[in-house]
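If you want the building blocks of each chain, they are given just below.
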Amino acid sequence: MTTTASGTAITEEAPFFPAPRSCPFSAPPQHTAFREAGGLHKVTIWDGSTHWLATRHADIRAVLSSPSFSADVRNPDFPLVHSNQPEHEGGLFLRLDDPEHARLRQMLTKEFSVRRTQAMREELSRITDELIDAMLAKGGPVDFVQDFALPLPSRAICLILGVPYEDHALFERHANAGTDLDVSHEERARTQREAFAYYEALVERKRREPSDDMISRLLTQHTGPDGFAPEMLPVLVGILVGAGHETTANMLGLGTVALLVNPDQRDRLRDRPELAPSVAEEMLRYWSIVSTDPRRVALEDVEVGGQLVREGEGVIVSLIAGNRDPRAFGANGGECPADTLDIGRNARRHVAFGFGSHQCLGQNLARVEMQVAWPRLFERIPGLRLAIAEDELPFKKNSIVYGLTSLPVTW
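Rules of the game
- Here the residue numbers are simple positions, counted from 1 along each chain's written sequence.
- Only residues with pLDDT of at least 70 get local features here, since the model is predicted, and only at 80 or more are side-chain atom pairs given and counted; chain-wide, interface and lining totals rely on the full set of residues.
- To obtain the side-chain values, all non-hydrogen atoms of the structure were included, while hydrogens and water were left out.
- Secondary structure follows DSSP: runs of H or I at least 4 residues long count as helices, runs of E at least 2 residues long count as strands, and numbering of each begins at the N terminus.
- For a compact globule the rule gives 2.2 Å times the number of residues to the power 0.38, and the radius of gyration it is set against comes from C-alpha atoms.
- Using a 1.4 Å probe on the protein chains alone, a residue whose accessible area is under 20% of its type maximum counts as buried, one over 50% counts as exposed, and one in between counts as partly exposed.
- Here a residue-residue contact requires only that any non-hydrogen atoms of the pair lie within 4.5 Å.
- Under the counting rule used here, the positive set is Lys and Arg, the negative set is Asp and Glu, and His together with the chain ends is not counted.
- Taken as the charge location is NZ of Lys, CZ of Arg, CG of Asp or CD of Glu.
- Strands qualify as paired when DSSP identifies two bridges or more between them.
- Multiplying 1.5 Å by the residue count of a helix minus one yields the expected span of that helix.
- Here the axes come from fitting lines to C-alpha atoms, over the contacting stretch only for helices, and the angles between their N-to-C directions go from 0 to 180 degrees.
- Should an angle fall under 35 degrees it is called roughly parallel, over 145 degrees roughly antiparallel, and 65 to 115 degrees roughly perpendicular, with every other angle called oblique.
- Should the near helix be turned anticlockwise from the far one by less than a right angle, the crossing is termed left-handed; should it be turned clockwise, right-handed.
- Each residue gets one of three labels, nonpolar for Ala, Val, Leu, Ile, Met, Phe, Trp, Tyr, Cys and Pro, charged for Asp, Glu, Lys and Arg, and polar for the others, Gly among them.

Peer 1: I'd like a description of the overall build of the protein, backed by residues and values.
Peer 2: Helix and strand counts for the protein stand at 16 helices and 12 strands. A compact globule built from 411 residues would reach a C-alpha radius of gyration of about 22 Å, and the protein, at 21 Å, matches this within 12%. Dimensions of the protein, computed from C-alpha atoms along their principal axes, come out at roughly 60 × 55 × 40 Å. Counting the 411 residues in the protein, one finds 56% classified as buried. Within the protein, counting contacts between residues at least 6 apart in sequence, those at least 24 apart form 70% of the total. When the 44 basic and 57 acidic side-chain charges of the protein are each reduced to a single mean position, those positions are 4 Å apart.

Peer 1: Tell me what's going on with the sheet that holds strand β12 (residues 408–410), and back it up with residues and numbers.
Peer 2: Spatially, the 3 strands line up as an open sheet ordered β6-β12-β11, and their pairing is antiparallel. Of all the strands in the sheet, the pair left with one neighbour each is β6 (142–143) and β11 (385–386). Where β6 meets β12, 2 bridges bridge the pair, whose relative direction is antiparallel. Looking at the pairing, Asp143 lines up with Pro408 of β12.

Peer 1: Explain helix α10 (residues 185–208) residue by residue, including any values.
Peer 2: The end-to-end C-alpha separation of α10 is 35 Å, in line with the 34 Å expected for 24 residues at 1.5 Å each. Arg188, Ala189, Thr191, Gln192, Ala195, Tyr198, Tyr199, Leu202, Val203 and Lys206 are the residues of α10 that are buried.

Peer 1: Give me unusual backbone geometry: which residues, what numbers.
Peer 2: The step from Asp98 to Pro99 runs through a cis peptide bond, and the omega angle for that step is 10 degrees. Turning to its location among the elements, Pro99 is positioned in the loop between α3 (85–89) and α4 (100–109). Cis geometry is found at the peptide bond from Gly140 to Pro141, where omega equals 0 degrees. As for its placement among the helices and strands, Pro141 is situated in the loop between α6 (121–138) and β6.

Peer 1: Quick rundown of the packing of helix α8 (residues 151–161) against helix α12 (residues 233–261)? Include the residues and the values.
Peer 2: To describe two helices that pack against each other, one gives the angle between their axes and the distance between the axes. Relative to each other, α8 and α12 sit at 150 degrees, their axes nearing to 8 Å. Taken together, the axis directions place α8 and α12 in an arrangement best described as roughly antiparallel. Between α8 and α12 lies a crossing of right-handed hand. Contacts from Leu152, Pro153, Ser154, Ile157 and Leu161 of α8 reach α12 at Val237, Leu240, Val241, Gly244, His245, Thr248, Ala249 and Leu252. When its residues are assigned to classes, the contact of α8 with α12 shows 9 nonpolar, 4 polar and no charged.

Listed below in structure tokens is the structure:
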């Protein structure tokens, strides 16, 4: 098979453009070669600027946990994903550095805490069953992405934030434009303006008619001089909506493919549904769908993996290379090799959600969604199978978030 990660270094000095993974079940070969060569490597990105690439698990954790590196996209030396990034994300709490980042993040963590997301398990189970019922009623083949993988996390994040799910086609289009690297600067800017207008109207409606949801609580408890600037709320809500469904939807699709083409792993889960937590962690490690983000820029000279990174130099991390690093996974203890799927593996050390203080805010929600979805899916549809040949699966070609554009399945 041939598909594409969200970014692959061609050579150490060649343009750092998206390039094919040799197979969707493996890391980009250049990233693997760099990792085994050791240290950081120089790569050139889309705008011609040159930065360091970190591919080893330990180096990635060192970069993402160090206060010597900044996440602020407004820094002129930051290795941007696309040209709109400073305009769209500059000043948002997730792109600030500590202590300001930590202060603002604390106002949101309660909404995505382990306790609160675990309390959603029953509701997520109900949504999962509704989606399975609808697929069974429709009859195969169905597009698993549109009929299950996308609506489950979309409905969940709408419940948390208070966004009307009937507008899902609109906000899913906004989110897709934000991650599709083939979208032009002008089209991305236009879509962002459209998204801002939608979320601005939604926030204003919540201001007039608050209810029991996260947007209302942000307005009443965390907006103002000591909280979030009112003009930033529409952008913040839009990013939370996009991040809250786009990444998990891709994980649900890819994880389902992995289980379908590894029937021994699928049967193991079906026989032992209590493995659901380790299944979720292993899928996160195995796929690493955000391959070349987060990114950082050095605020001072600092050594990483034996390499001196000077002030003003950018660092890009390859999460998929780090998550397949045999030094961290599969090197000892009798575990399967790091490039092999093993749903019984202890994979909690993965960096799929990043690492350090900027780790993914919604990681607890994503975990519960996956833990609920896969056991129930294969319990209720034990004969689920691909409706097209494995080598015909349509993977995303040029996106920040790796995934499938569709997944035809039947039973």
